Amino acid sequence: MRSHLLLGATALLLPSVTLAAEAFTGSPDPDGKYWIHGEGIAAAFVPYGASISNLIINDQYGIERDIVTGFDNASYYHIDKQHPHFGGVPGRYANRIKNSTFKIDGESYHIIPNENPTESHPQGLNTLHGGPDGWDWRDFNVTAYTANSITFSIVDPDGKEGFPGEVVSYITYSLGNLTWDATMIAIATTKKTPIMLSSHTYWNLDGFANNQTNLALDHELWMPYSGQRVAVDNILIPTGEILSNPEGSVNDFWSKPKRIGDGFKQEGIEGNCGFNCTGYDNCWLVNRPQAHNWRSPDSLVARLHSPWSGIQLDIFSNQEAFQMYSCNFQDGTMALKSTQGLFDEPKFPRTIPKYGCVVLEVQDYIDGINHPEWGRQSKQIFEPAGDPYVLQVRHKFSIA
Ligand SMILES: *[C@@H]1O[C@H](CO)[C@@H](O)[C@H](O)[C@H]1NC(C)=O
Ligand SMILES: *[C@@H]1O[C@H](CO)[C@@H](O)[C@H](O)[C@H]1NC(C)=O
Ligand SMILES: *[C@@H]1O[C@H](CO)[C@@H](O)[C@H](O)[C@H]1NC(C)=O
Ligand SMILES: *[C@@H]1O[C@H](CO)[C@@H](O)[C@H](O)[C@H]1NC(C)=O
Ligand SMILES: *[C@@H]1O[C@H](CO)[C@@H](O)[C@H](O)[C@H]1NC(C)=O
Ligand SMILES: *[C@@H]1O[C@H](CO)[C@@H](O)[C@H](O)[C@H]1NC(C)=O
């Protein structure tokens, strides 16, 4: 067995079996997961939403940690009712679309709403992550699989969820020397349509094994180019305004790395993520020079670091916005995977608590299709024989 750390063992250390690559078989493991291996890193993926389900690296003591949320097997992704978008690719348009409406060339399109239901709008006031049957509710096809990479594909039919035209997309993940790369290509084959993708990965850089806290509030975050953010109303729909994050304010993560928990002590954290919500669920802009080389070390979009595990994640991307969500709506009802948590003492429940994780999403300006004044059309509207949609992101891991 390649992928299984001891289940419920009372040992102090998890047995070290996952990082070691076995001979590549070209098939998923008995849990339906597709494992790939790099130098000092292993990851597993499932066709459901082209989701990452496990990401294993050593912490500062050489102990393997599984630092993303997910489920123990591919079949459970279909069974789970909460659908927190664990590790998937939201599409064809990530994040929120105001009033489930947009216009292209003067023509209005109405897509299916799926968030914020009210009496007069029982389905919802807006669309989140591509609709009630968005991409991360569907099984992608596996079109290529090697020892260190996997490519998923989806054909999203004309009219699905109300979007115009067919979209064909390929999602490739690969592992290198302590790196996880993703390339997402999408092509509008028949009509002009909006496309915006992301990777909706939930991180706990301690693998939920921190014996001091099961929260991720000790994680430090730095977003050096994110002095501005998208203003939203109380259901997180952009108002059109772009706000600045003054140095030392609650949404300032640019001036220096800041513990996410320190932000919770700052004025303005209440209601910062919408009505009656305390925490973060915000879209920051990534204000680098337009002609930047996104791979260069000085192009860092975000750095997340946990002092306990020592694990540091650096994110590089060609995308110009970045959403961070502090797991405000986790409520302790979602089980940890068998590869996560403390095994030697029942100090914390084996579930994900509120504020126990951090979601980091590279993307474009949210709801840019409804804000032509932002000038995002060429990044968000695609047409047959035009440029393809291309998202690239590198996750680079180190011990710091
Ligand atoms: C699949 O995973 C779920 C959740 O992680 C778990 O409850 C269930 O027992 C697993 N099923 C099998 C057959 O392993
Ligand atoms: C909101 O959506 C409704 C129903 O799809 C539509 O009739 C209305 O024109 C939209 N409002 C705006 C301001 O776009
Ligand atoms: C997977 O491939 C099959 C066979 O070509 C196709 O019918 C199906 O629509 C594809 N699935 C997706 C999600 O595109
Ligand atoms: C991985 O990178 C480290 C430092 O960045 C280097 O020392 C090491 O040789 C690399 N390993 C491989 C197998 O390339
Ligand atoms: C907590 O975890 C750290 C790091 O693994 C370890 O050094 C320490 O002994 C643990 N403390 C307790 C009380 O288990
Ligand atoms: C605000 O949220 C808390 C839980 O965080 C909940 O108990 C309370 O009912 C909510 N209040 C309103 C007015 O929705």
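Model, not experiment: these values are computed from the prediction. (Residues numbered from 1 in each chain as written. Chains lettered and ligands numbered in written order. Predicted model: local features only at pLDDT ≥ 70, side-chain atom pairs only at ≥ 80, totals over all residues. Heavy atoms only, no water.)

A look at the site of ligand 1
Part 1 of the reasoning: Taken together, the residues surrounding ligand 1 are Asp 72, Asn 73 and Tyr 76.
Part 2 of the reasoning: In the model, an oxygen atom of ligand 1 is placed 2.4 Å from a nitrogen or oxygen of the Asn 73 side chain. (Near = heavy atom within 4 Å. Polar contact = N/O pair within 3.5 Å; in protein donor to acceptor, adjacent residues only side chain to side chain.)

Focus: the pairing of strand E11 (residues 167-175)
Part 1 of the reasoning: Two strands pair when backbone bridges link them, and strand E10 (residues 149-156) and E11 are joined in this way by eight bridges, in the antiparallel orientation. Across the sheet, the residue bridging to Ile 154 is Ser 169, located in E11.
Part 2 of the reasoning: Where E11 and strand E12 (residues 179-188) come together, nine bridges link them in antiparallel fashion. Considered in E12, the bridge of Ser 169 is made with Ala 186.
Part 3 of the reasoning: Between E11 and E12, which pair antiparallel one after the other, the connecting turn spans three residues, and Leu 178 there sits at a positive phi close to 55 degrees. (Pairing = 2+ DSSP bridges. Helix = DSSP H or I, 4+ residues; strand = E, 2+ residues; numbered from the N terminus.)

Structural notes on the side chain of Ser 299
Part 1 of the reasoning: For Ser 299, the location among the structural elements is in the loop between strand E19 (281-285) and strand E20 (302-305).
Part 2 of the reasoning: Setting aside residues up to four positions removed in sequence, Ser 299 forms contacts with Tyr 225, Arg 288, His 292, Asn 293, Trp 294 and Phe 316. (Contact = heavy atoms within 4.5 Å.)

Some words on the nonpolar core
Part 1 of the reasoning: Formed by 60 residues in total, the largest nonpolar core has its most connected members in Leu 55, Tyr 173, Trp 180 and Trp 203.
Part 2 of the reasoning: With five residues, the top contributor of residues to this core is E12.
Part 3 of the reasoning: Apart from residues lying up to four places away in sequence, Leu 55 is in contact with Ile 41, Ala 42, Ala 43, Arg 65, Asp 66, Ile 67, Val 68, Trp 180, Trp 203 and Phe 397.
Part 4 of the reasoning: Counting 16 residues, the second-largest nonpolar core is a separate cluster that includes Tyr 93, Ile 97, Val 230 and Trp 374. (Core = buried A, V, L, I, M, F, W, Y, C linked by side-chain atoms within 4.5 Å. Buried < 20%, exposed > 50% of the residue type's maximum accessible area, 1.4 Å probe, protein only.)

Some points on the packing of aromatic side chains
The geometry of an aromatic ring pair is captured by the separation of the ring centres together with the interplanar angle, meaning the angle of the planes.
Part 1 of the reasoning: Summed over all chains, the structure comprises 23 aromatic pairs.
Part 2 of the reasoning: Ring geometry for Tyr 34 versus Tyr 145: centroids 5.1 Å apart, planes at 80 degrees, classification edge-to-face. With Tyr 34 in strand E1 (residues 34-38) and Tyr 145 in strand E9 (residues 141-145), this residue pair connects regions lying 111 residues apart in the sequence. Of the two residues, Tyr 34 and Tyr 145, neither departs from the other in class, the shared state being buried.
Part 3 of the reasoning: Feature note: the residues Phe 45, Phe 152, Tyr 173, Trp 180, Trp 203 and Phe 397 constitute an aromatic cluster, connected by ring pairs.
Part 4 of the reasoning: The ring of Phe 253 is capped by Lys 258, whose NZ or CZ atom sits 4.4 Å from the centre of that ring.
Part 5 of the reasoning: In this structure, Arg 376 packs its charged tip against the face of Tyr 365, placed 4.0 Å from the ring centre. (Phe/Tyr/Trp six-rings, centres within 6.5 Å; stacked < 30°, edge-to-face > 60°. Lys NZ or Arg CZ within 6 Å of the ring centre and 35° of its normal.)

Thoughts on the state of the cysteines
Part 1 of the reasoning: Inspection of the entire model under this criterion finds two disulfides.
Part 2 of the reasoning: Disulfide pairing is shown between Cys 273 and Cys 277; the S-S distance is 2.1 Å. Note on the Cys 273 and Cys 277 pair: the S-S dihedral is about -100 degrees, so by sign convention the disulfide is left-handed.
Part 3 of the reasoning: Judged by its relative accessible area of 4%, Cys 277 falls in the buried class.
Part 4 of the reasoning: In this model Cys 327 forms its disulfide with Cys 357; the gap between the sulfur atoms is 2.1 Å. As the torsion about the S-S bond is roughly -115 degrees, the Cys 327-Cys 357 disulfide counts as left-handed. Taken together, the residues Cys 327 in the loop between strand E22 (321-325) and strand E23 (334-335) and Cys 357 in the loop between strand E24 (351-352) and strand E25 (358-363) connect sequence positions 30 residues apart. Each member of the pair, Cys 327 together with Cys 357, is buried.
Part 5 of the reasoning: Indicated for the protein is the disulfide connectivity 1-2, 3-4, based on numbering the bonded cysteines in sequence order.
Part 6 of the reasoning: Free cysteine: Cys 283, not disulfide-bonded; nearest cysteine sulfur from Cys 273 at 15 Å.
Part 7 of the reasoning: Assessed through its relative accessible area of 2%, Cys 283 is described here as buried. (Disulfide = S-S within 2.5 Å.)

Some remarks on the side chain of Asp 367
Part 1 of the reasoning: For Asp 367, the location among the structural elements is in the loop between E25 and helix H3 (377-380).
Part 2 of the reasoning: We note that Asp 367 is buried and unpaired, the nearest opposite charge coming from Lys 98 at a distance of 6.8 Å.
Part 3 of the reasoning: Separated by 3.4 Å, the side chain of Asp 367 and the backbone nitrogen of Lys 98 make a polar contact.
Part 4 of the reasoning: Dropping the residues within four chain positions of it, Asp 367 is found in contact with Tyr 93, Arg 96, Ile 97, Lys 98, Ile 237, Pro 238, Trp 374 and Gln 380. (Lys, Arg positive; Asp, Glu negative; His and termini not counted. Salt bridge = Lys/Arg side-chain N within 4 Å of Asp/Glu carboxyl O.)

Points about the confidence of the model for the protein
Part 1 of the reasoning: Mean pLDDT for the protein: 94, with 95% of residues reaching 70 or above.
Part 2 of the reasoning: Here residues 1-17 scores under 50 on pLDDT; set against residues more than four positions off or in separate chains, the count is 40 contacts. (pLDDT = per-residue confidence, 0-100.)

Section: the sheet that holds strand E21 (residues 311-317)
Part 1 of the reasoning: Spatial strand order, E9-E10-E11-E12-E27-E21-E20-E15-E18: nine strands in an open sheet with antiparallel pairing. Edge positions in the sheet fall to E9 and strand E18 (258-259), since each of these pairs with one other strand and no more.

Section: unusual backbone geometry
Part 1 of the reasoning: Gly 91 connects to Arg 92 through a cis peptide bond whose omega is 0 degrees.
Part 2 of the reasoning: Relative to the helices and strands, Arg 92 resides in the loop between helix H1 (76-79) and strand E5 (96-97).
Part 3 of the reasoning: A positive phi is found at Leu 178, a non-glycine position, where the angle reads about 55 degrees.
Part 4 of the reasoning: Within the chain, Leu 236 stands out as a residue other than glycine whose phi angle is a positive 70 degrees.
Part 5 of the reasoning: For Leu 236, the position within the fold is in the loop between strand E16 (228-232) and strand E17 (238-244).

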